[in-house]
Amino acid sequence: MLNITPFGWFHTAISLVSLFGGLYGLLRYHDIRYATPLGKTYTWFTVATCITSFFLMRTGKLSEAHGLTVLTLIVLAGAWLLGRNAIAGSWRHVFSSLAFTLTVYFHFIPGFTETLTRVPIGAPLVSGPQDPLLQKLVGGAYLVFLVVMALQVRAIRRGRTSAIHSPLASNR
């Protein structure tokens, strides 16, 4: 089914945990912070997704997708470093949050590519990474994430993310 190996299914499952955790954090809290249980889950499932991706090669060699994996790990490390001991609402906090959000966007690129080159079975919607439809979809998702990031900065600077730092804090 869909020409995916058991290891490929495992990789997909952990990437979905990461993706949905990241999206939940953004929608619920406007923020992903490593200091929270959700942030730790997102971070480590993203790292696991990246590591397992190195063992998935359709062509038998590294591809541009693996370059995105390396970039994701670098941005994730930067997000973690910036967020360490950052004061809520500070510019370090803002840049850390934006870096985490960028890694959520990065999940969509291979997600769209792998899904749309496989479904519907027998007649996939796109032929590969260079397909114009896929490029428009990825570009549209990028524009959506730019808007999300702008709204995220506004929410953080107005102090609307503090509820995730204290289980006793009221939801805002």
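Residues numbered from 1 in each chain as written. Predicted model: local features only at pLDDT ≥ 70, side-chain atom pairs only at ≥ 80, totals over all residues. Heavy atoms only, no water.

**Student:** Can you explain the overall build of the protein chain? Please cite residues and give values.
**Tutor:** Across its full length, the protein chain holds 5 helices and 0 strands. Taken from the N to the C terminus, the helices and strands of the protein chain come in the order α-α-α-α-α. Computed over its C-alpha atoms, the radius of gyration of the protein chain comes to 17 Å, within 12% of the 16 Å expected for a compact globule of 172 residues. Evaluated residue by residue, the protein chain yields a buried proportion of 38% over its 172 residues. Relative to all contacts within the protein chain whose residues are 6 or more apart in sequence, the contacts with residues 24 or more apart total 64%. For the protein chain, the accessible surface area stands at approximately 10100 Å², while carbon and sulfur atoms represent 71% of it. Each charge class in the protein chain was averaged separately, 14 positive and 4 negative side chains, and the resulting centres sit 17 Å apart. (Helix = DSSP H or I, 4+ residues; strand = E, 2+ residues; numbered from the N terminus. Rg over C-alpha atoms; globule rule 2.2 N^0.38 Å. Buried < 20%, exposed > 50% of the residue type's maximum accessible area, 1.4 Å probe, protein only. Contact = heavy atoms within 4.5 Å. Areas by Shrake-Rupley, 256 points an atom, 1.4 Å probe, with all protein chains shown as cover. Lys, Arg positive; Asp, Glu negative; His and termini not counted. Charge placed at Lys NZ, Arg CZ, Asp CG, Glu CD.)

**Student:** Tell me about the confidence of the model for the protein chain, and name the residues and values.
**Tutor:** In the predicted model, the protein chain carries a mean pLDDT of 90, and the fraction of residues at 70 or more is 92%. Long-range and interchain partners of residues 163-172, a stretch whose pLDDT sits below 50, account for 14 contacts in this model, where long-range means more than four residues apart. (pLDDT = per-residue confidence, 0-100.)

**Student:** Would you mind going over the side chain of Q152 in detail, with residue names and values included?
**Tutor:** Following the sequence through the fold, Q152 ends up in helix α5 (residues 132-157). Once residues lying within four places of it in the same chain are set aside, the contact partners of Q152 are L26, H30, D31, S97, L98 and T101.

**Student:** Describe the packing of aromatic side chains, with residues and values.
**Tutor:** Taken as a whole and judged by the stated rule, the model has 11 aromatic pairs. With centroids separated by 6.4 Å and ring planes inclined at 90°, the aromatic side chains of Y34 and W80 adopt a geometry described as edge-to-face. Here the residue Y34 occupies a position in the loop between α1 (6-29) and α2 (37-53), and W80 occupies one in helix α3 (residues 64-83), the gap between them amounting to 46 residues. With a centroid separation of 6.4 Å and an interplanar angle of 70°, the aromatic rings of Y42 and F100 are classed as edge-to-face. Highlighted residues: Y42 in helix α2 and F100 in helix α4 (residues 91-116), separated in sequence by 58 residues. The class for Y42 is buried, based on a relative accessible area of 1%. Judged by relative accessible area, which is 1%, F100 ranks as buried. (Phe/Tyr/Trp six-rings, centres within 6.5 Å; stacked < 30°, edge-to-face > 60°.)

**Student:** Could you give an account of the nonpolar core, with specific residues and numbers?
**Tutor:** Counting 21 residues, the largest nonpolar core has I32, Y42, F100, V104, Y105 and F145 as the members making the most contacts within it. When residues of this core are traced back to their parent elements, those giving at least two are α1, α2, α3, α4 and α5. Sort the elements by how many residues they give to this core and α4 lands first, with 7 residues. With near-sequence residues (within four places) excluded, V104 lies in contact with L19, G22, L23, L26, I32, Y42 and F145. (Core = buried A, V, L, I, M, F, W, Y, C linked by side-chain atoms within 4.5 Å.)

**Student:** Tell me about α1, and please be specific about residues and values.
**Tutor:** In this model, α1 (24 residues) spans 34 Å end to end at C-alpha, consistent with the 34 Å of a helix rising 1.5 Å per residue. Those residues of α1 hidden inside the fold are in contact with α2, α4 and α5. H30 lies just past α1 and shows a positive phi near 65°. (Expected span 1.5 Å × (residues − 1).)

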